[in-house]
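Given next are the chains, with one letter for each unit.
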Amino acid sequence: MKRLGILGLVLVIFIGLAACSGSNYEDEVTEVVKEFKAGHGSMADKVTRKNSAILVYEDGKYIGIACKMDKRIIEAYYKKMSGTKNRLELVTNLDIVKYIKEDAEVSYKERYGKKIKSRKLVIIQIFERRVL
């Protein structure tokens, strides 16, 4: 009986860990992909997390996405609107884009739907157009 209890406890712990292993930015990343597809029309129909590179900056304040469309790499940056969960706005101010690229702290990064750990390599490859 004691073994069964221990086995049950271990199973519950593993299930809990598996459920929590997703990204803290899951909703934001999903919303960025939707916004990107909506903003680029039929050219972006095939864009998914699985064929994109995504960087989250400043604990979710800014999110960048880069993907290959029509043999070109297209990148876009979005700003999370304060006080909302999933409301994003395309960043069009070039000064803010420059800040994001050069100075903003990267909080989360993924390429092809998988989390990446190496910060410097990701920034160089993704946003200096050597990826995809």
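What counts and how
- Residues numbered from 1 in each chain as written.
- Predicted model: local features only at pLDDT ≥ 70, side-chain atom pairs only at ≥ 80, totals over all residues.
- Heavy atoms only, no water.
- Helix = DSSP H or I, 4+ residues; strand = E, 2+ residues; numbered from the N terminus.
- Expected span 1.5 Å × (residues − 1).
- Buried < 20%, exposed > 50% of the residue type's maximum accessible area, 1.4 Å probe, protein only.
- Contact = heavy atoms within 4.5 Å.
- Pairing = 2+ DSSP bridges.
- Axes fitted to C-alpha atoms, helices over the stretch in contact; angles between N-to-C directions.
- Core = buried A, V, L, I, M, F, W, Y, C linked by side-chain atoms within 4.5 Å.

A. How the structure looks around helix 2 (residues 26-39). Here helix 2 is 14 residues long and its end C-alpha atoms lie 20 Å apart, about the 20 Å a rise of 1.5 Å per residue gives. Within helix 2, the full set of buried residues consists of Glu28, Val29, Glu31, Val32, Val33 and Phe36. In this structure, the buried residues of helix 2 make contact with strand 1 (52-57), strand 2 (62-69), strand 3 (72-80), strand 4 (88-90) and strand 5 (106-111). After helix 2 finishes, the residue Gly41 shows a positive phi value of roughly 60 degrees.

B. Layout of the sheet that holds strand 2. The strand order 4-3-2-1-5-6 describes an open sheet built from six strands, whose pairing is antiparallel. Unpaired on one side and paired on the other, strand 4 and strand 6 (114-115) mark the two borders of the sheet. The pairing of strand 5 with strand 6 spans two bridges and is classified as antiparallel. Paired with Glu110 across the strands is Lys115, a residue of strand 6. With respect to the sheet, helix 3 (residues 94-102) is in contact with strand 1, strand 2 and strand 3, its orientation differing from that of strand 3 by roughly 100 degrees.

C. Seen up close, the side chain of Glu110. Its location among the elements puts Glu110 in strand 5. Beyond its immediate stretch of four places on either side in the chain, Glu110 contacts Val29, Arg49, Ser52, Ala53, Ile54, Lys115 and Ile116.

D. Region of the structure containing the pairing of strand 3. Strand direction decides the pairing type here: strand 2 and strand 3, joined by eight bridges, are antiparallel. By the bridge assignment for strand 3, Tyr62 is matched with Lys79. The loop that links strand 2 with its antiparallel partner strand 3 comprises two residues; one of these, Asp70, has a positive phi angle of about 55 degrees. Pairing of strand 3 with strand 4 involves three bridges; the strand directions are antiparallel. In the sheet register, Lys80 faces strand 4, and the bridge partner there is Leu88.

E. Summary view of the nonpolar core. Counting residues in hydrophobic clusters, the biggest one holds 18 residues, and the most contacted among them are Phe36, Ile65, Met69 and Tyr78. Every element with two or more residues in this core is listed here: helix 2, strand 1, strand 2 and strand 3. Among the nonpolar cores identified, the runner-up in size contains nine residues, and Tyr62, Val91, Ile100 and Ala104 belong to it.

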